[in-house]
Amino acid sequence: VPIGQSESGKDLSADKNLAKEKNILFVGRLVERKGVQYLIEAFSQIVSETQACLIIVGQGPEKERLQNLAKQNNLAEKVIFAGFVEDEKLKNYYQNCSVFVLPAITDQKGDTEGLGVVLIEALNFKKPVIASNVGWITDIVINNRTGLLVPEKNSLELAKALKQILSDNNLAKRLGEEGYNYVNEKFGWSKIIKELKRVYEEAIRK
């Protein structure tokens with residue numbers, strides 16, 4: 001499937017198309033620990049009520065299985081596997097999504113998500129985020145303040161969180177703005193430079 005197209009060939013990369021509809025966005029490598037199957041399952045529970053689209057950006061060994069899961073849930077026209085996209089298109093997806101989701105899990109090997117840089121990227125666009133309560137994600141997502149946290153591997157709770165944000169514009173706006181302020185305070189360049197300066201000053205004193 002060409003980048004930016006659905007399974008049916010519908011082009012979703014144009015700004016006009018994306019801006020007109022509710023879009024749920026995931027960005028990342030399609031591997032087990034990202035938990036994308038739970039996002040697809042959650043999406044199937046709300047699609048008839050929200051009329052949203054789910055956009056999955058990324059490649060990986062789980063892609064075919066996830067595509068089959070979408071088809072099994074009659075979501076072939078609503079789940080868009082965009083594949084790998086260039087930076088400008090990725091920026092476009094972030095700018096026009098209604099909510100960003102990172103449904104990470106602890107996989108069979110015991111691996112889970114690290115910091116979750118994609119969450120910082122989404123919050124830099126003032127987008128509300130939903131993520132699983134695993135790994136270092138909680139360093140970024142403070143429940144009901146900088147985003148919504150849900151239990152891992154729980155498509156029902158994820159569906160509830162999606163429905164909550166998609167149906168409440170005020171909540172979505174507040175989470176996006178508070179998340180933006182938080183990541184700029186904690187992870188912005190001014191913070192990084194200040195910490196580097198502190199480390200060097202301590203090293204010099206030693």
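Our subject in this report is the structure included herewith. (Residues numbered from 1 in each chain as written. Predicted model: local features only at pLDDT ≥ 70, side-chain atom pairs only at ≥ 80, totals over all residues. Heavy atoms only, no water.)

1. Re the sheet that holds strand S2 (residues 53-57)
Which entries qualify depends on this criterion: Strands qualify as paired when DSSP identifies two bridges or more between them. In this description a helix means any DSSP run of H or I spanning at least four residues, a strand means any run of E spanning at least two, and both kinds are numbered starting from the N terminus. Only C-alpha atoms enter the line fits that serve as axes; for helices the fit covers just the stretch in contact. Angles between N-to-C directions range over 0 to 180 degrees. Between two residues, a contact is recorded if the distance between any of their heavy atoms is within 4.5 Å.
A sheet is described by the order of its strands in space; here 6 strands give the open sequence S3-S2-S1-S4-S5-S6, paired in parallel fashion. At either margin of the open sheet sits one strand with a lone partner, and together these are strand S3 (79-83) and strand S6 (148-150). The sheet shows a mean angle of 20° between the axes of neighbouring strands, taken without regard to direction. Packing against the sheet, helix H4 (residues 87-96) makes contact with strand S1 (23-27), S2, S3 and strand S4 (99-102), and its axis sits at approximately 135° to S1.

2. Topic: the packing of helix H2 (residues 36-50) against helix H6 (residues 155-167)
Spelled out, the test is: Between 65 and 115 degrees an angle is taken as roughly perpendicular, under 35 as roughly parallel, over 145 as roughly antiparallel, and anywhere else as oblique. The crossing is said to be left-handed when, going from far helix to near helix, the turn is anticlockwise and less than a right angle, and right-handed when the turn is clockwise. Gly is put with the polar residues, along with every residue not named as nonpolar or charged; the nonpolar set is Ala, Val, Leu, Ile, Met, Phe, Trp, Tyr, Cys and Pro, and the charged set is Asp, Glu, Lys and Arg.
One can describe the packing of H2 onto H6 by two numbers: an axis separation of 8 Å at closest approach and a directional angle of 45°. On the basis of their axis angle, the class for H2 and H6 is oblique. The handedness of the crossing between H2 and H6 comes out as right-handed. Along the contact surface, H2 presents Tyr 38, Leu 39, Glu 41, Ala 42, Gln 45, Ile 46, Glu 49 and Thr 50, while H6 presents Ser 155, Leu 156, Leu 158, Ala 159, Leu 162, Lys 163 and Leu 166. The residue makeup of the contact of H2 with H6, split by class, is 9 nonpolar, 3 polar and 3 charged.

3. Here we look at the nonpolar core
This is how the line gets drawn: The criterion is simple. A nonpolar core is a set of buried Ala, Val, Leu, Ile, Met, Phe, Trp, Tyr and Cys residues joined through side-chain atoms within 4.5 Å. Three exposure classes are used, based on accessible area relative to the maximum for each residue type with a 1.4 Å probe and protein chains only: buried under 20%, partly exposed in between, and exposed over 50%.
One finds Ile 24, Phe 100, Ile 130 and Leu 162 to be the most contacted residues of the largest nonpolar core, which totals 61 residues. Once you skip the residues sitting within four places of it in the chain, Phe 100 turns out to touch Leu 25, Phe 26, Val 27, Tyr 94, Val 118, Leu 119, Ala 122, Pro 128, Val 129 and Ile 130.

4. What about the environment of Arg 29?
Residue position: Arg 29 is located in the loop between S1 and H2. Separated by 32 residues in the primary sequence, Arg 29 and Pro 61 place their C-alpha atoms 8.6 Å from one another. Excluding anything up to four places from it in sequence, Arg 29 contacts Lys 34, Gln 59, Gly 60 and Pro 61.

5. Brief notes about the pairing of S1
Looking down a regular strand, the side chains alternate between one sheet face and the other. For the record, the criterion: For the handedness criterion, the strands are oriented away from the viewer, and a crossover whose path from the first strand over the helix to the second runs clockwise is classed as right-handed.
Taken across its 5 residues, S1 has 5 buried, putting it largely inside the fold. Residues Asn 23, Leu 25 and Val 27 point to one face of S1 and Ile 24 and Phe 26 to the other, with burial holding for every one of them. Sheet topology places S1 next to S2; 5 bridges connect them, and they run parallel. Within S2, the position partnered with Ile 24 by the bridge is Leu 54. In this region the chain leaves S1, passes through H2 and returns to the parallel neighbour S2; the handedness of that crossover is right-handed.

Read these as geometric descriptors, not functional statements.
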